[in-house]
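Coordinate analysis (summary)
Spelled out, the chains give:
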Amino acid sequence: MKYIKFLLVGILFGIALSKGQVVSWYRIYEMFRFDNFHMYGIIGSAVVIGVFIVQYMKRTSMKDIQGHLITFNPKNMSISRYLIGGIFFGLGWAMVGACPGPMYILIGKGFFLIFVVIAGALAGTYLYGVLRSKLPH
Amino acid sequence: MLEAVYRPWPWYVVGPLIALTMYLLLYFGKEFGVSASLRATCSAMGAGKKVKFFDFDWKKQNWNMVFIFGAIIGGFISSTFLEPSNAVDLASSTKLTLEQLGFERVGESFLPDQLFSPEFWTWKSIAYLFVGGLFVGFGARYAGGCTSGHAISGLSNLQLPSLIAVIGFFIGGLAMTYFILPFILPF
């Protein structure tokens, strides 16, 4: 039962990204061409509201549902890791027009060739695990 | 009112709903980050026996699997009940560019037929989808997060690493869109 809340939030997320057409290959292509404000409006408004949410949680020392302080784990500083990893991610994002969330949502929308993309994403994740010690971080 | 539900939702509705998703997950004691589930899936399939990176307690990501399952259901609900039209009302310049490249039925459904419609598949298009997915999976883990983890959660927390990652997302995405895709698409 404790998982039901995550199922409901997932449904909300899936509907929002689907109705906002964030899951559309065309919208991602359009975003990278700077032809439409739509995707920038979505990510931008989510981040602006997100900044207020995080600041509010930090300043009020907000507790989570189980009574634990909500904490944010800062990422280790590096440039190469985030930049090179990010560039690979961006290359793939522009090709398949879907980041990991939309990949799953597209299954629910009946686009079954997305399983090929997900298989690729799992293979890429595995590849990172294998090569990790040899990559600059 | 009901008609507005059936039309595509504007950015100022969808953006806040994504922020709400992040808020709820934080309130439930979790961090919003979809690509972490890919690592957990590799572990669940036994990758931890061979590669140390996958040797971790993947069951701690069970909530994320349930969240993703919910997202799949959300996509189904949206397609089945909330989207009478599949049309994507693209900017005319984007539509024109794709038509000039040779895409057909541009924006008439969510995804281009030439890439995602089962009738159109070729070994080339399958390889393309797999390689694209590979880059996404590899890049997300290398950068330590994807759009949800870095662009939404990380930027909301004003983390410099996430800003660098998002700049990387755009360098890669722009290079692909302008310098590579015009020469390989459509098949």
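Residue indices follow the written sequence of each chain, beginning from 1 at its first position. Both sets of labels track the order of writing: A upward for chains, 1 upward for ligands. Thresholds applied to this predicted model are a pLDDT of at least 70 for local features of residues and 80 or more for the giving and counting of side-chain atom pairs; totals over whole chains, interfaces and linings are not thresholded and use all residues. In computing side-chain values, all of the structure's heavy atoms are included and hydrogens and water are not.

**A short note on the overall build of chain A**
Numbering of helices and strands runs from the N terminus, with a helix taken as a DSSP run of H or I at least four residues long and a strand as a DSSP run of E at least two residues long. A tally of regular secondary structure across chain A gives six helices and zero strands. Listing every helix and strand of chain A by position from the N terminus yields α-α-α-α-α-α. Along the longest, intermediate and shortest principal axes, the C-alpha atoms of chain A span 45 × 40 × 35 Å. Each residue is assigned to one of three classes by its accessible area relative to the maximum for its type, calculated with a 1.4 Å probe on protein chains only: buried under 20%, partly exposed between the two thresholds, exposed over 50%. Put simply, chain A has 137 residues, and 58% of those count as buried. For this analysis, residues touch if any pair of their heavy atoms sits within 4.5 Å. A separation of at least 24 residues holds for 40% of the contacts in chain A among residues at least 6 apart in sequence.

**Structural notes on unusual backbone geometry**
With omega at -15 degrees, the peptide bond leading from B:Leu185 into B:Pro186 counts as cis. Mapped onto the secondary structure, B:Pro186 falls in the segment after α9 (160–184). Phi is positive for A:Phe34, close to 55 degrees, though the residue is something other than glycine. Positive phi outside glycine occurs at A:Ser61, with the angle close to 45 degrees. Mapped onto the elements, A:Ser61 comes out in the loop between α3 (38–59) and α4 (80–96).

**Comments concerning the packing of aromatic side chains**
A pair of Phe, Tyr and Trp rings is counted when the ring centres sit within 6.5 Å of each other, with Trp represented by its six-membered ring. The angle between the planes then sorts it: under 30 degrees is stacked, over 60 is edge-to-face, the rest tilted. Applying the stated criterion across every chain yields a total of 31 aromatic pairs over all chains. Centre to centre, the rings of A:Trp25 and A:Tyr26 are 5.8 Å apart; their planes meet at 85 degrees, and the pair counts as edge-to-face. Between the aromatic rings of A:Trp93 and B:Phe169, the centroid separation amounts to 6.3 Å while the plane-to-plane angle is 85 degrees, which identifies the pairing as edge-to-face. Taken together, the residues A:Trp93 in helix α4 and B:Phe169 in helix α9 connect one chain to another. There is no split in this pair, since A:Trp93 and B:Phe169 are both buried. An aromatic cluster of at least three residues, connected via ring pairs, comprises A:Phe88, A:Tyr126, A:Tyr128, B:Phe53, B:Phe54, B:Phe135, B:Phe138 and B:Tyr142. A:Lys109 extends its terminal NZ or CZ atom over the ring of B:Phe110, reaching a point 4.4 Å from the ring centre. In this analysis the charged atom, NZ for Lys or CZ for Arg, is taken to sit over a ring once it is within 6 Å of the ring centre and within 35 degrees of the ring normal. The ring of B:Phe53 is capped by B:Arg39, whose NZ or CZ atom sits 4.1 Å from the centre of that ring.

**What about helix α5 (residues 100–108) of chain A?**
With nine of nine residues buried, α5(A) is to be regarded as a mostly interior element. Where α5(A) is concerned, the buried positions are A:Pro100, A:Gly101, A:Pro102, A:Met103, A:Tyr104, A:Ile105, A:Leu106, A:Ile107 and A:Gly108. On the buried face of α5(A), the contacting elements are α1 (4–19), α4 and α6 (114–131) of chain A together with α3 (36–44), α4 (62–82) and α7 (123–143) of chain B.

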